[in-house]
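Fold and contact review
So you can see what is in the structure, the chains are spelled out below.
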Amino acid sequence: MTAFGIDLGSTNSCIAYVDDTGHPVVARNAIGRETTPSVVYFEKPGSVVVGGAARNSALLAPHLVAERIKREMGREDVAFTYHGEARTPETISAFILRELAQSAGRQTGEPVRDVVITVPAYFGVREREATRKAGRIAGLNVLDVLDEPIAAALSYQSRRPSGGVRHVLVYDLGGGTFDTTVIRLEGDDIRAVCTGGDLRLGGADWDERVVRYMLEAFTRQCPGLDPTADEQFMHDLAIGAEVVKMELSSALAWTRHLRFGGATAEVEMTRATLEELTADLLERTLDITEKTVGEARRRKVETIDEVILVGGMTKMPVVRERLRERLGLEARRHEPELAVAKGAALFALVRQASREPGGGPEEIADRLGISASEAAVMTRRSVTTVVPRGFGVRVADQNDPLFATDPGRARTYVIHLLPANTPLPADSGAVSFATSIDNQPMAEVEVWEQKEGTSSDEVSDNACVARGRLRLPPRLPALSRLDVSFAVDETGRLTVHAEEPMSGNELDLELQIGGMDEAAVSAARTAVARHDVSS
Ligand code: AMP
């Protein structure tokens, strides 16, 4: 059975598979496009539309359209209501996945079941788990979730295999998110060295600046008219602004006519103006890139051999120019919108080979019509990723004067047992902590994950992702030892073990990553399957 790779993007999504010559190819959607807008239109109860047609419906019925849902993945406090029914980010994403699977199924003539879905490298455990759930709700068997930059590097490497050690920097600027990752390639071994990014920095921010510019130009030319309350005008303007931005990647100037209240304004924008108005946004991506390269240096990466640009926004020539001018990095574009899905398809094959009986190199060679040695090379690849954000436990500060008198009210902070960028699989080994008071009946073990950005021990810079209680034996004096260890496997799953050495009492944390439980996933799957999904 063919395994598929899915790039579930915030603005566009793409699905690919490895064809019978061993090459990754993208499956086109129902209207022949390689990418599908990640937009869902809840047309009527029981029927949803996904893709370009859904995006166009945003004008007629914005309250029935879900866009940029990836930014909400993993959040438990949001639900969107359409036709009186609440939808979680996972369920909305599941509709996109179903549409992609249907298209690919039509093209390949076999149903899509086994998939690898990509996620930004800095997605935390909640977001990753939500992505897996979206796949399961869509009725898919999610072999794994894979970091987008690793997928891009896999696809790049499959086209330019080379010996020796190479370091690649992936710069990925998409519609809603930015990330950059340094990856080490050595033969079949691919490992992320370090990563950085901003979940809320992407093409949409550029579009906003263009909208503002065009509005100002309109008001200058047509004083006394205020079109900002007109929903249709603002919608057209938003779509027009994105078009202007995209056209300016090839043209040096672009003109648009804005019509409102019987007046027409002719607004010209030059590439230079666009670059000037958005320079601070681009510089933010370069700040993050610089930090990531610096982190790689500290990890003994002397040179960056190759810079790969991913994401639609990297079609802007200024991205390459500024990477060269400011950081001395010479970048090449490598199928910016398809590379991630293709890399995921290659990885899906690797995962299938390692997990499924009948999925070994011989079977894959047979199926793809390639030699056994070629298949062995393809399936031998090993991929190592890193802990995207630090994980730790919350402890009371023994240096706080309150600790002696009222430890329950002392300052608390987070100790990261696994710092960000630790290679996976990772194991902290046993780390010792202490009880706070005499006769403490139990220890509350809380697992905290660093929020996006720099590592900090402040509780507010971390988020609690799981908690459990370790029962303690009677008459234990204050400051008795407790051991805690954290382990994360290759797929990013975290297990926590806590132990009181005297009694041998143990706590193995079943990580409650929140979101839906199994019953809810299965109910959502049934509900999604009952919908008619079209594009
Ligand atoms: P992605 O999330 O990788 O699909 O990237 C989508 C983003 O890339 C959107 O903000 C698009 O407006 C932007 N984009 C696509 N094509 C171009 C282009 N030719 N020039 C500039 N931006 C583009």
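What this report covers is the structure whose coordinates are included nearby. (Residues numbered from 1 in each chain as written. Predicted model: local features only at pLDDT ≥ 70, side-chain atom pairs only at ≥ 80, totals over all residues. Heavy atoms only, no water.)

1. Describing the layout of surface pockets
Empty space among the atoms can be located by rolling a probe the size of a water molecule over them. In this model, the second largest pocket occupies a volume close to 670 Å³. Lining the second largest pocket are 28 residues, with Arg-394, Val-395, Ala-396, Ser-436 and Glu-444 positioned closest to its centre. Residue assignment for the lining of the second largest pocket shows that the elements contributing at least two residues are strand S20 (391–396), strand S21 (412–418), strand S23 (431–434), strand S24 (442–450) and strand S26 (481–488). Here the element with the most residues in the lining of the second largest pocket is S24; it accounts for 5 residues. (1 Å grid on protein atoms, 1.4 Å probe; cavity = no way out; pocket = protein on both sides within 12 Å on 5 of 7 lines; lining within 4 Å. Points joined across faces, edges and corners; volume = space filled by probe spheres on them. Helix = DSSP H or I, 4+ residues; strand = E, 2+ residues; numbered from the N terminus.)

2. Quick word on helix H6 (residues 231–247)
Given a rise of 1.5 Å per residue, 17 residues ought to cover 24 Å, and the 24 Å separating the end C-alpha atoms of H6 matches this to within 8%. Those residues of H6 that are buried lie in contact with helix H1 (52–60), helix H5 (203–221), strand S15 (253–260), strand S16 (263–270) and helix H7 (271–277). (Expected span 1.5 Å × (residues − 1). Contact = heavy atoms within 4.5 Å.)

3. Regarding the side chain of Ser-57
Note that Ser-57 resides in helix H1. A distance of 2.9 Å separates a polar atom in the side chain of Ser-57 from the backbone oxygen of Ala-53. Every residue in contact with Ser-57, bar those within four places of it in the chain, is listed here: Tyr-41, Pro-62 and Val-65. (Polar contact = N/O pair within 3.5 Å; in protein donor to acceptor, adjacent residues only side chain to side chain.)

4. Re empty space enclosed by the protein
Per the counting criterion, the structure on display carries 8 cavities of 30 Å³ or more. Quantified by volume, the second largest cavity comes out at close to 80 Å³. What lines the second largest cavity is a set of 15 residues, among which Leu-8, Gly-9, Lys-70, Met-73 and Ser-93 lie closest to the centre. Taken together, the elements giving at least two residues each to the lining of the second largest cavity come down to helix H2 (89–108) and strand S10 (114–119). For the lining of the second largest cavity, a count of residues per class yields 7 nonpolar, 6 polar and 2 charged. (Nonpolar A, V, L, I, M, F, W, Y, C, P; charged D, E, K, R; others polar.)

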